[in-house]
Amino acid sequence: MLGHLLLQDLPDDLLPEGGDCDIFVLTGWVVSIPTLKVAEEKLRRRSSGNNSRVWLLINQEYPTNDLVRSKLKHIYVDKAVILGNWWNDTTQELVAEDLASLWVPFASTVFADRKLSTPLDLLDRRRSAGRLQKYIRTWKGAGLGEGQGTIAYQQRSCATNKHRDAEANRSGWRNYRERFWDRVNELLAKQGGHGGYAIGQCNGEKHLGQLLTPVYNKASLDARRGMPEFLERVFGNISVGLWKGKMTFSGAEFTFTKYDESAVKYSHFRFVVSLENTLNSVGYITEKVMDSLLAGAIPVYAGCDQAPDVIDPRSYLLLKPGQNDQEVAERVVHALMDPAEYDRMMMESAISEAQLRRFFSWHPAVWPAYGDGLRRRIVAELQRLCRQGR
């Protein structure tokens, strides 16, 4: 989808100067060698004669883009634009003869796989939450009581620091996500308030959260499907197109995707535990914090040191595992007990206009009011590589 959104309705000044160029878009949880080999086989069948050929690779999970580039050496992928995290631990972006590595984290590119939200919703989070809440009729389990639930925790993988386990063991903050969840629930129990709600597969090491399962409001869903179809893994989801506008894409139409599903769930809660799988300083920001922000909740966030460059730091509570766990947990509990304090903490907008332009202006919804600066930058790199020929 990102390739389609990025290259749709190209203005004349963004079209290449003569000749055709095949653009192959590959996204996936992991840009693996088997995935690239499948893509390469499809590419050979679908290439257009002697046209120039360039890859646009969307890095979702590798901590740095140089790791994606290392995979390309195993097959014939000579020119690529990589959107994702930093190039490596010390270099944010890299532009070379056959490569452009741009810092556009998955927190941004995930909007290509959202049906219910656009980056503009980050500017008006209460309105966004109101739209999303209608997709759930009720919840099975302990019940939310009156109004919004307290704090939600949804994870499939309970462990943290998967990229830096050795470092985590040495410094003592392995499994910080599970332990923070336990701490918040223990404080809530002491205050006599509603506990937190575990709406995924994880519930801390002490299993203190209340279990909930959503019941979707079918009237709000596409009648042809009844229940939502969630986005399948996009391994080998290849988009092939010519600059002249011939573009084909695999995949079906969906009512909403799994990323929308998380935001829909979170819209029923005031706080959300939105902790990354790993702490890092290489621009690795995923969909987790965006799901919470779109839902109108206040995220408790830990993960990327560069997050304030992408998101207004006043819109989330920053957890530094092993340093301020108790302080952050106390702030959450205090705000849950004091509505006025919660209202003071709640930010209507999660990003500035400058951040919207820098990290999200590849998306068509942004173009009319804020321009397409990032789209132009990405396309310019594709053009540069296309001009080099095969």
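An unreviewed UniProt entry lists the protein under the name Fucosyltransferase, with Prorocentrum cordatum given as the organism. Its UniProt record gives the protein the following Subcellular location (unreviewed entry) comment, quoted word for word: "Golgi apparatus, Golgi stack membrane".

Another aspect to go through is the overall build of the protein. What the protein contains, in helices and strands, is 15 helices and 14 strands. Within the protein, buried positions represent 57% of all 390 residues. Sequence-distant contacts in the protein: of pairs separated by 6 or more residues, those separated by 24 or more amount to 72%. Carbon and sulfur atoms make up 48% of the accessible area of the protein, which totals about 16500 Å².

Okay, the confidence of the model for the protein next. Caution is warranted with low-pLDDT regions, since their predicted coordinates should not be read in detail. Chain-level pLDDT for the protein is 81 on average; 75% of the residues reach the 70-or-more range. Considering only residues more than four positions removed or in separate chains, one finds that residues 29–33, a stretch of pLDDT under 50, has 19 contacts.

Moving on, we come to the pairing of strand 3 (residues 80–84). Of all five residues in strand 3, five are buried; the element is thus mostly enclosed. Burial along strand 3 is two-sided: the residues A80, I82 and G84 and V81 and L83 are all buried. Sheet topology places strand 3 next to strand 5 (residues 99–103); five bridges connect them, and they run parallel. Pairing of A80 across the sheet is with L99, part of strand 5.

Before going further, it helps to examine the pattern of salt bridges. Using the criterion set out here, one finds 15 salt bridges in the structure. For R131, the salt bridge identified is with D121, shortest N-O distance 3.0 Å. On the criterion of sequence distance, the pair formed by R131 in helix 5 (residues 125–133) and D121 in the loop between helix 4 (106–109) and helix 5 is long-range, its members being 10 residues apart. In this structure R131 comes out as partly exposed when scored by relative accessible area, which is 32%.

Across the sheet, which stays open at both edges, the seven strands sit in the order 6-9-8-7-12-13-14 with mixed pairing between neighbours. With one partner strand each, in any of the chains shown, strand 6 (136–141) and strand 14 (317–318) form the two edges of the open sheet. Bridge analysis of strand 12 (residues 269–280) against strand 13 (residues 298–304) gives six bridges, and the strand direction is parallel. Bridged to L275 within strand 13 is A302. Its contacts with the sheet put helix 9 (residues 287–294) on strand 12 and strand 13, and the angle it makes with strand 12 is roughly 165 degrees.

Attention now goes to the packing of aromatic side chains. According to the stated counting rule, one finds nine aromatic pairs in the structure shown. Ring centres 5.0 Å apart and planes at 80 degrees place the aromatic pair W103 and F359 in the edge-to-face group. On the criterion of sequence distance, the pair formed by W103 in strand 5 and F359 in helix 13 (residues 353–360) is long-range, its members being 256 residues apart. Residue classification places W103 among the buried positions, given a relative accessible area of 2%. By relative accessible area, F359 is classed as buried at 3%. Taking the ring centre of F111 as reference, the NZ or CZ of R114 above it sits at 5.1 Å. The ring centre of F359 lies 4.2 Å from the NZ or CZ of R358, which sits over that ring.

Moving on, we get to the side chain of E178. Mapped onto the fold, E178 is located in helix 7 (residues 176–191). Buried charged residue E178 carries no salt bridge. Nearest counter-charge: R177, at 6.1 Å. The residues contacting E178, other than those within four sequence positions of it, are Y153, C158, C202, N203, G204 and E205.

Attention now moves to unusual backbone geometry. Even without being a glycine, H207 presents a positive backbone phi close to 55 degrees. Mapped onto the elements, H207 comes out in the loop between strand 8 (197–198) and strand 9 (210–216). H207 gets classed as exposed once you look at its relative accessible area, which sits at 57%.

End to end, helix 11 (residues 325–337) covers 19 Å across 13 residues, agreeing with the expected 18 Å (1.5 Å per residue, within 8%). Those residues of helix 11 that sit buried are D325, V328, A329, V332, V333, A335 and L336. Each buried residue of helix 11 sits inside an arc of 165 degrees when the element is viewed along its axis, so together they form one side. Contact partners of the buried residues in helix 11: strand 7 (149–153), helix 7, strand 12, strand 13, strand 14 and helix 12 (339–345).

The next subject is the environment of G303. Tracing the chain through its elements places G303 in strand 13. Looking at G303, the relative accessible area reads 10%, which means it is buried. G303 sits 17 residues away from T286 along the chain, and the two C-alpha atoms are 9.2 Å apart.

What follows is about the nonpolar core. L56, L83, F360, W362 and I378 are the most contacted members of the largest nonpolar core, which has 70 residues in total. In terms of residue count, the dominant contributor to this core is helix 15 (residues 373–386) (six residues). The residues contacting I378, other than those within four sequence positions of it, are L6, L56, L83, L102 and W362. Among the nonpolar cores identified, the runner-up in size contains 27 residues, and F180, V184, V300 and V328 belong to it.

Definitions and limits used
Residues numbered from 1 in each chain as written. Predicted model: local features only at pLDDT ≥ 70, side-chain atom pairs only at ≥ 80, totals over all residues. Heavy atoms only, no water. UniProt positions renumbered as here; feature names shortened; annotations may be inferred. Helix = DSSP H or I, 4+ residues; strand = E, 2+ residues; numbered from the N terminus. Buried < 20%, exposed > 50% of the residue type's maximum accessible area, 1.4 Å probe, protein only. Contact = heavy atoms within 4.5 Å. Areas by Shrake-Rupley, 256 points an atom, 1.4 Å probe, with all protein chains shown as cover. pLDDT = per-residue confidence, 0-100. Pairing = 2+ DSSP bridges. Salt bridge = Lys/Arg side-chain N within 4 Å of Asp/Glu carboxyl O. Axes fitted to C-alpha atoms, helices over the stretch in contact; angles between N-to-C directions. Phe/Tyr/Trp six-rings, centres within 6.5 Å; stacked < 30°, edge-to-face > 60°. Lys NZ or Arg CZ within 6 Å of the ring centre and 35° of its normal. Lys, Arg positive; Asp, Glu negative; His and termini not counted. Expected span 1.5 Å × (residues − 1). Arc of directions from axis to C-beta. Core = buried A, V, L, I, M, F, W, Y, C linked by side-chain atoms within 4.5 Å.

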